[in-house]
Amino acid sequence: AVEKKDDGDPRTEHHPELARTMASSLALIKASHFTLGVMACAWGRFQSIFLHSMGLAPSTIGMLTSVGFILKSIGYVSWGVAMDWFDGSRYVLMASIIASSVALELYRRAVGSGVLLLMLITKGIRSLANAQYCLLDALTMRAVQS
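Note that the structure is predicted; figures quoted are calculated from it, not measured. (Residues numbered from 1 in each chain as written. Predicted model: local features only at pLDDT ≥ 70, side-chain atom pairs only at ≥ 80, totals over all residues. Heavy atoms only, no water.)

1. So, the packing of helix α3 (residues 58–85) against helix α4 (residues 90–113)
Packed helices, taken two at a time, are described by the angle their axes make and the gap between the axes.
No. 1: Two elements in contact, α3 and α4, have axes separated by 11 Å at closest approach and are oriented at 155 degrees. Comparing the axis directions of α3 and α4 gives the class roughly antiparallel. The two elements α3 and α4 cross, and the hand of that crossing is right-handed. Counting all contacts with α3, which are made through L64, W79, A82 and M83, the residues of α4 involved are V92, A95, S96 and Y107. (Axes fitted to C-alpha atoms, helices over the stretch in contact; angles between N-to-C directions. Helix = DSSP H or I, 4+ residues; strand = E, 2+ residues; numbered from the N terminus. Parallel < 35°, antiparallel > 145°, perpendicular 65-115°, else oblique. Left-handed = near helix turned anticlockwise from the far one by under 90°. Contact = heavy atoms within 4.5 Å.)

2. Examining the packing of aromatic side chains
No. 1: Taken as a whole and judged by the stated rule, the model has zero aromatic pairs.
No. 2: When the ring centre of Y91 is taken as origin, the NZ or CZ atom of R90, which lies over that ring, is 5.3 Å away. (Phe/Tyr/Trp six-rings, centres within 6.5 Å; stacked < 30°, edge-to-face > 60°. Lys NZ or Arg CZ within 6 Å of the ring centre and 35° of its normal.)

3. With respect to the packing of α4 against helix α5 (residues 116–129)
No. 1: Two numbers describe how α4 lies on α5: the axes approach to 8 Å, and their chain directions differ by 165 degrees. Accordingly, the angle class assigned to the pair α4 and α5 is roughly antiparallel. For the element pair α4 and α5, the recorded crossing hand is left-handed. Counted together, S96, A99, S100, A103, L104, L106, Y107, A110, V111 and S113 of α4 and L118, M119, T122, K123, I125, R126 and A129 of α5 form the full contact between these two elements.
No. 2: Partitioned by chemical class, the residues of the contact of α4 with α5 number 11 nonpolar, four polar and two charged. (Nonpolar A, V, L, I, M, F, W, Y, C, P; charged D, E, K, R; others polar.)

4. A few points about α4
No. 1: Helix length check: α4, at 24 residues, gives a terminal C-alpha distance of 35 Å against a target of 34 Å (1.5 Å per residue), a fit within 8%.
No. 2: Listing the buried residues of α4 in full gives V92, L93, S96, S100, A103, Y107, A110 and V111.
No. 3: For α4, the N-terminal capping position is held by S89, with its side-chain oxygen 3.0 Å away from the main-chain nitrogen of Y91.
No. 4: Backbone geometry just downstream of α4 places G114 in the positive-phi region, at approximately 80 degrees. (Expected span 1.5 Å × (residues − 1). Buried < 20%, exposed > 50% of the residue type's maximum accessible area, 1.4 Å probe, protein only. Polar contact = N/O pair within 3.5 Å; in protein donor to acceptor, adjacent residues only side chain to side chain.)

5. With respect to the layout of surface pockets
No. 1: Here the second largest pocket defines a volume of roughly 250 Å³.
No. 2: Residue assignment for the lining of the second largest pocket shows that the elements contributing at least two residues are α1 (16–44), α3 and α5.
No. 3: The greatest single-element share of the lining of the second largest pocket, amounting to four residues, is contributed by α3.
No. 4: Looking at the lining of the second largest pocket residue by residue, the class counts come to four nonpolar, six polar and three charged. (1 Å grid on protein atoms, 1.4 Å probe; cavity = no way out; pocket = protein on both sides within 12 Å on 5 of 7 lines; lining within 4 Å. Points joined across faces, edges and corners; volume = space filled by probe spheres on them.)

6. Here we look at the nonpolar core
No. 1: Formed by L36, W79, A82, M83, V92, L93, A131, L135, L136 and L139, the largest nonpolar core amounts to 10 residues.
No. 2: If you list the elements that add at least two residues to this core, you get α3, α4 and α6 (132–145).
No. 3: Excluding anything up to four places from it in sequence, L136 contacts S32, H33, L36 and L93. (Core = buried A, V, L, I, M, F, W, Y, C linked by side-chain atoms within 4.5 Å.)

Structure below.
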């Protein structure tokens, strides 16, 4: 008698269409993690250099960064609530990505203007909108657990 090796997911063993759907969902999630990681590295690591090159003092850069951290903690909770309301919809993630991208451009322009209040407001909006990482993690967990 030959033993059957069980190397498949019991949820997809007799459902090849479900297996293909799960594989494509995970491929998209993996690509999204990679893309968001590259985006975070590009802005996160070089933000201070950019702000300094625009003539901002280190104390101003620190103030902008602090405002960002404080408001990001509020934004994460708010986007998490939206994710719950819309039953884990990927559209919530897309809305955060779009809002964050638009807000980043507004922030970049505000830095160019040199008006501190405008920089603080746009940095705050950017930080409130920027919740892609926790939302993507929530979608990943949902895909893995389903």
